[in-house]
Amino acid sequence: MQNGRPSETARAIGHIRALHQTAENGLIFNDPLAVPILGEPVLPETELDRGLHPDVIRRRRLYIAARSRFADDRAAAAIARGTEQVVILGAGLDTAPYRNVHKNVQFFEVDHPDTQTWKQHLLRKSGIAIPDSLTFVPIDFDQSTLADGLAEAGLDRTRSAVYIWLGVSVYLTRPAVDATLSHITDHAGSEVVLDYFYPVTSTPHEHTTDQLQARAESTARLGEPWQTFFTADEIGALLQSFGFKQVVDQPGSELVATYDDRAISRPTESGPHVVHAYAA
C-alpha cells in the first residue's frame, strides 16, 4: 500500500464481489450492498485480472463469493450459539456488519487507517447507515499491536468472538501472521475463519502456476506483494502449535462446489484454501 491511499486490492475485491451479484445474480453469495458501496460502476475486469485467462477470472470470482458465504455462515452459527462479538480482520469493503445487524452482537472492523477512511467516505456517499453495533478499528497489521487496538476499541476478551480473516495472510510477513494467530488463540473460546495460498511454485499444474504467478505480479504492481504462503500440512502444524483445535481445511475449489455443484473443481490442492478452527 502507498501511504495516504486505500488498498487497491480491497477496491478490486469489492468490484469482484459486486460483479458476482450481476454476472451470477449472487448465486453463491447474495449481498445487496456489494454494488451500492462501490459508489461507481462495477468493473468487468480489475487490475488483478491482468494476464489471467477468463476461466481463471471466473473461478476466482466464485471462490471469493464462496469464502464470503462461508464466513457469513460460520459467523451466523457462532451467533446462534451465543457469541456476541465478530472481528473482521482486513475488512476492506466487506458489508457483513451492515447486512447482519443483531441485537447484542458487536462487530469490529480492523483495517489500515487509510482504507477505513476511504470506506467510511463510500458508506456516507452511498447512504449505507453505520449501525451502532459496529466499531471501526484502524490498525496497520505490520506496525501496530492487534491486541492493543482491539482492547482500545472495546473488545471483551472475557467473552467469545468469531474472527473473520480473509484475503489478508498472503500479504503479511510471517511474524505478522504469527502475531495475529497468537492473539486469536489467546482469546479463549473463540474461532477463526481464514484463508491462505499455497506457494506459487508448488503446484504441479504448469498452467495454474503461470496464472498464479500473473496474479502475484498484479498485486505487486499495486504495491501489495504476496509474502507468506503455506501448504495444508504447514498451516495445520502452525495452527496446532498455537493451540487451535478442530481445524477444518478446504481447498477453494471444493468450497465453491459445496454452493454450486456446476462449478469446475480443479485444481483441488494448489491455490487458495479456507480454514475454520477453534481456539483451545
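Everything that follows concerns the structure shown earlier in this document.
Keep in mind that this is a model prediction, so the values were computed, not measured.

Cut-offs applied
Residues numbered from 1 in each chain as written. Predicted model: local features only at pLDDT ≥ 70, side-chain atom pairs only at ≥ 80, totals over all residues. Heavy atoms only, no water. Helix = DSSP H or I, 4+ residues; strand = E, 2+ residues; numbered from the N terminus. Buried < 20%, exposed > 50% of the residue type's maximum accessible area, 1.4 Å probe, protein only. 1 Å grid on protein atoms, 1.4 Å probe; cavity = no way out; pocket = protein on both sides within 12 Å on 5 of 7 lines; lining within 4 Å. Points joined across faces, edges and corners; volume = space filled by probe spheres on them. Nonpolar A, V, L, I, M, F, W, Y, C, P; charged D, E, K, R; others polar. Core = buried A, V, L, I, M, F, W, Y, C linked by side-chain atoms within 4.5 Å. Contact = heavy atoms within 4.5 Å.

Comments concerning unusual backbone geometry
Thought 1: If you check the backbone angles, asparagine 25 has positive phi at about 55° while not being a glycine.
Thought 2: Looking at the element boundaries, asparagine 25 is found in the loop between α1 (8-23) and α2 (54-80).
Thought 3: Taking the relative accessible area as the measure of exposure, asparagine 25 reaches 65% and is therefore exposed.
Thought 4: Even without being glycine, asparagine 104 reaches a positive phi, approximately 70°.

Brief notes about the layout of surface pockets
Thought 1: In this structure, the second largest pocket spans a volume of roughly 210 Å³.
Thought 2: Ala71, Asp72, Ala75, Ala96 and Asn100 are the residues nearest the centre of the second largest pocket, which is lined by 20 residues in total.
Thought 3: Secondary structure elements with two or more residues in the lining of the second largest pocket: α2, β1 (85-89) and α3 (96-99).
Thought 4: A per-element tally of the lining of the second largest pocket places α2 first, with seven residues.
Thought 5: In the lining of the second largest pocket, the residues fall into 10 nonpolar, four polar and six charged.

Observations concerning the nonpolar core
Thought 1: In terms of nonpolar packing, the biggest core is built from 43 residues, with Val86, Ile88, Tyr98, Phe107, Ile164 and Val193 touching the most fellow members.
Thought 2: Those elements that place two or more of their residues in this core are α1, α2, β1, α3, α4 (113-126), β3 (134-138), β4 (162-165) and α9 (252-259).
Thought 3: Ranked by residue count, the leading element in this core is α2, at 10 residues.
Thought 4: Setting aside anything within four residues of it in sequence, one finds isoleucine 164 in contact with Ala71, Val86, Val87, Ile88, Leu89 and Val193.
Thought 5: Counting 30 residues, the second-largest nonpolar core is a separate cluster that includes Val110, Leu146, Leu150 and Leu238.

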